[in-house]
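Structure assessment
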Amino acid sequence: MEEINMNETLKILETRRSCRKFKPDMIPEEDLNAVIRAGTFAPTGRNLQSPIIIAVTNKELRDKISEENRKIGGWNKGFDPFYGAPVILIVLADKSVSPNYIYDGSLVMGNLMNAAKSLGLGSIWIHRAKQEFESDFGKKILSDLGIKGDFEGIGHIALGYAAEGGEAEAAPRKENYVYWVK
């Protein structure tokens, strides 16, 4: 692929990688708020803004969500599907608000991960939010928070400072990724 002159945003988009090993250090609230705010500015179909973000910094709830996610994923007891990240951002979207809710929530996920990278944070998209929030476990979280609507879990962002070796180098881009029609 040809080399192009890149601004800071393009560098972030090209260098962000999934982090699979986090330090336990909590993220400063100012940085966490900035990441979350970026998520709220993701484009949504017809600007209906069907997604919501649940920011979990409470360790007890974080660990319960991790355990539920582990069970759904079928991993052995003791495995943490959030790789030790101290923060979980859960994106859900209201199915009754927009037929584009999955796409809307996915764009929020992307904004969260790219914003995290721009602030020197590691992140990874973790699945199984759909199953979590279809279960009594997830429904209770929504109820406890007073969240009403027809929400489907889109994904989790595990967020924190990357530990040494937590982020791999980018794989080469595949051949024929782009087809031009000029």
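Report on the accompanying structure. Quantities reported herein were computed from a predicted structural model and do not represent experimental measurements. (Residues numbered from 1 in each chain as written. Predicted model: local features only at pLDDT ≥ 70, side-chain atom pairs only at ≥ 80, totals over all residues. Heavy atoms only, no water.)

A look at the layout of surface pockets
In this structure, the second largest pocket occupies an estimated 200 Å³ of space. Residue lining of the second largest pocket: Ile-54, Val-56, Asn-58, Glu-60, Leu-61, Lys-64, Phe-137, Lys-140, Ile-141, Asp-144 and Leu-145, and that is the complete set. Of all elements in the fold, only strand 1 (51-56), helix 3 (59-73) and helix 6 (136-145) reach the threshold of two or more residues within the lining of the second largest pocket. It is helix 6 that provides the largest number of residues to the lining of the second largest pocket, a total of five residues. (1 Å grid on protein atoms, 1.4 Å probe; cavity = no way out; pocket = protein on both sides within 12 Å on 5 of 7 lines; lining within 4 Å. Points joined across faces, edges and corners; volume = space filled by probe spheres on them. Helix = DSSP H or I, 4+ residues; strand = E, 2+ residues; numbered from the N terminus.)

A look at the sheet that holds strand 4 (residues 151-160)
Sheet architecture is open: four strands sit in the order 1-2-4-3, paired in antiparallel fashion. Edge strands, defined here as strands with exactly one partner in the open sheet, are strand 1 and strand 3 (122-126). Neighbour-to-neighbour, the strand axes of the sheet open up by a mean angle of 25°, direction not taken into account. (Pairing = 2+ DSSP bridges. Axes fitted to C-alpha atoms, helices over the stretch in contact; angles between N-to-C directions.)

With respect to the environment of Leu-112
Relative to the helices and strands, Leu-112 resides in helix 4 (residues 101-118). In sequence terms Leu-112 and Trp-125 are 13 residues apart; their C-alpha atoms lie 9.7 Å from each other. Aside from chain neighbours lying at most four places away, what touches Leu-112 is Val-35, Ile-36, Gly-39, Ile-53, Leu-89, Val-91 and Ile-157. (Contact = heavy atoms within 4.5 Å.)

Brief notes about the side chain of Ser-66
Tracing the chain through its elements places Ser-66 in helix 3. For Ser-66, a relative accessible area of 6% corresponds to the buried category. (Buried < 20%, exposed > 50% of the residue type's maximum accessible area, 1.4 Å probe, protein only.)

Overview of the packing of aromatic side chains
Tallied over the full model, the rule gives two aromatic pairs. When the ring of Trp-75 is compared with that of Phe-79, the centres are 5.1 Å apart and the planes differ by 40°; the resulting orientation is tilted. Considering the side-chain rings of Phe-79 and Tyr-83, the 6.2 Å spacing of their centres and the 90° angle between planes classify their relative orientation as edge-to-face. Judged by relative accessible area, Tyr-83 falls into the partly exposed class, the value being 26%. In this structure, Lys-182 is placed above the aromatic ring of Trp-180, and the distance from its NZ or CZ to the ring centre is 4.8 Å. (Phe/Tyr/Trp six-rings, centres within 6.5 Å; stacked < 30°, edge-to-face > 60°. Lys NZ or Arg CZ within 6 Å of the ring centre and 35° of its normal.)

Some details on the nonpolar core
When a protein is soluble and globular, its nonpolar side chains tend to lie buried together. Counting residues in each nonpolar core, the largest one holds 20 residues, and the members touching the most others are Leu-32, Val-35, Leu-89, Leu-112, Ile-157 and Leu-159. Of all elements in the fold, only helix 2 (29-40), strand 2 (87-94), helix 4 and strand 4 reach the threshold of two or more residues within this core. Per-element accounting of this core gives the leading share, seven residues, to helix 4. (Core = buried A, V, L, I, M, F, W, Y, C linked by side-chain atoms within 4.5 Å.)

A closer look at the packing of helix 1 (residues 8-15) against helix 4
Between helix 1 and helix 4, whose axes approach to 9 Å, the crossing angle comes to 110°. With respect to their mutual orientation, helix 1 and helix 4 come out roughly perpendicular. Helix-helix and strand crossings are classified by hand; for helix 1 and helix 4 the assignment is right-handed. Touching Ile-12, Leu-13 and Thr-15 of helix 1 are Asn-114, Lys-117 and Ser-118, all from helix 4. Here the contact of helix 1 with helix 4 is built from residues that sort into two nonpolar, three polar and one charged. (Parallel < 35°, antiparallel > 145°, perpendicular 65-115°, else oblique. Left-handed = near helix turned anticlockwise from the far one by under 90°. Nonpolar A, V, L, I, M, F, W, Y, C, P; charged D, E, K, R; others polar.)

Observations regarding the packing of helix 2 against helix 4
Axis separation between helix 2 and helix 4 bottoms out at 8 Å; the angle between their running directions is 145°. The chirality of how helix 2 crosses helix 4 is right-handed. Every residue of helix 4 that contacts helix 2 at Val-35, Ile-36, Ala-38 and Gly-39 is listed here: Val-108, Asn-111, Leu-112, Ala-115 and Ala-116.

Topic: helix 2
With twelve residues, helix 2 should reach 16 Å at 1.5 Å per residue; the first-to-last C-alpha distance of 16 Å fits that figure. Buried residues of helix 2: Leu-32, Val-35, Ile-36 and Gly-39, and no others. Taken end-on, helix 2 shows its buried residues confined to a sector of 95°, consistent with a single buried face. In this structure, helix 2 carries Glu-30 and Arg-37 as exposed residues pointing more than 90 degrees from its buried face. Buried-residue contacts for helix 2 involve strand 1, strand 2, helix 4 and strand 4. (Expected span 1.5 Å × (residues − 1). Arc of directions from axis to C-beta.)

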